[in-house]
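Listed below, chain by chain, are the residues.
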Amino acid sequence: MEDAGTGARDRDAEGRARNARPRDGLGRPLPYGAPGVERQPEGVVRTPEETVAEAQALLDAGKPFHAHEVFEDAWKSGPEAERTLWRGLAQLAVGLTHAARGNVTGGARLLRRGAGAVEAWAAGGGVRRPYGIDVDGLARWARELAGRVEGGARSVGARAEAPRLRGAR
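Presented here is an overview of the structure given in this document. (Residues numbered from 1 in each chain as written. Predicted model: local features only at pLDDT ≥ 70, side-chain atom pairs only at ≥ 80, totals over all residues. Heavy atoms only, no water.)

## Here we look at the pattern of salt bridges
Move 1: Evaluated as defined, the whole model comprises 12 salt bridges.
Move 2: Across the salt bridge formed by D73 and R46, the nearest N and O atoms sit 3.1 Å from each other. Pair noted here: D73 is in helix 2 (residues 64-77) and R46 is in the segment before helix 1 (48-60), with a separation of 27 residues, a long-range link. We note that D73, like R46, is buried.
Move 3: Of the charged contacts in the structure, one is a salt bridge between D136 and R128, with a shortest N-O distance of 2.2 Å.
Move 4: Residue class for D136 comes out partly exposed when judged on its relative accessible area of 31%.
Move 5: The class of R128 is partly exposed, set by a relative accessible area of 34%. (Salt bridge = Lys/Arg side-chain N within 4 Å of Asp/Glu carboxyl O. Helix = DSSP H or I, 4+ residues; strand = E, 2+ residues; numbered from the N terminus. Buried < 20%, exposed > 50% of the residue type's maximum accessible area, 1.4 Å probe, protein only.)

## Let's talk about the nonpolar core
Move 1: Of all hydrophobic cores here, the largest spans 38 residues; its most connected members are F71, W86, L89 and L92.
Move 2: When residues of this core are traced back to their parent elements, those giving at least two are helix 1, helix 2, helix 3 (83-101), helix 4 (104-125) and helix 5 (135-150).
Move 3: Beyond its immediate chain neighbours, meaning those up to four positions away, L89 contacts F71, V118, I133 and L138. (Core = buried A, V, L, I, M, F, W, Y, C linked by side-chain atoms within 4.5 Å. Contact = heavy atoms within 4.5 Å.)

## Quick look at the packing of helix 3 against helix 4
Move 1: Contact geometry of helix 3 with helix 4 gives a least axis separation of 7 Å together with a crossing angle of 160 degrees. Relative to helix 4, the element helix 3 lies roughly antiparallel. Helix-helix and strand crossings are classified by hand; for helix 3 and helix 4 the assignment is left-handed. Every residue of helix 4 that contacts helix 3 at T84, L85, G88, L89, Q91, L92, V94, G95, L96, H98 and A99 is listed here: G106, G107, L110, L111, R113, G114, A115, A117, V118 and W121.
Move 2: For the contact of helix 3 with helix 4, the residue count by class is 12 nonpolar, 8 polar and 1 charged. (Axes fitted to C-alpha atoms, helices over the stretch in contact; angles between N-to-C directions. Parallel < 35°, antiparallel > 145°, perpendicular 65-115°, else oblique. Left-handed = near helix turned anticlockwise from the far one by under 90°. Nonpolar A, V, L, I, M, F, W, Y, C, P; charged D, E, K, R; others polar.)

## Some thoughts on the packing of helix 2 against helix 3
Move 1: Axis separation between helix 2 and helix 3 bottoms out at 8 Å; the angle between their running directions is 165 degrees. Relative to helix 3, helix 2 is oriented roughly antiparallel. Where helix 2 crosses over helix 3, the two elements pack in a sense that is left-handed. Packed against helix 2, whose contacting residues are P64, F65, A67, H68, F71, E72, A74, W75 and K76, the element helix 3 presents R83, W86, R87, L89, A90, A93, V94, L96, T97 and R101 at the interface.
Move 2: For the contact of helix 2 with helix 3, the residue count by class is 12 nonpolar, 2 polar and 5 charged.

Spelled out as structure tokens, the structure:
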């Protein structure tokens, strides 16, 4: 993507194209020079417990897009056997992102897809609370929110609707 002011492409330290535009709390690009929310670093390898804790902190702060990136790191760097779990959690976070942006169809679809993925992963391995994650509670939360969004709640507050990954406080 070119910077309209200079015509130069945004590049990372390795020379790969990266969009350096600032982003808001829901990951939407802002104009160059606008104040934005600090971006999540990509490719960070964390323990599963660190992943859950960091993602929960981001969800609690109303930053589900950023939580999605944390889950995506786990999905890409974790063991093959856990990829469906982390991908499903990323889908839940991005579903909340879309719902908060007012994208009814995309939000509901991703919330349901993520709920199905984490449930299928848990059922396949017989693990109902991987790393303390309340899979059943998350699936209920996602389906309920998807239904509300489709039922007329055009957008939702990302912070107010943030799920508890490990269940009730």
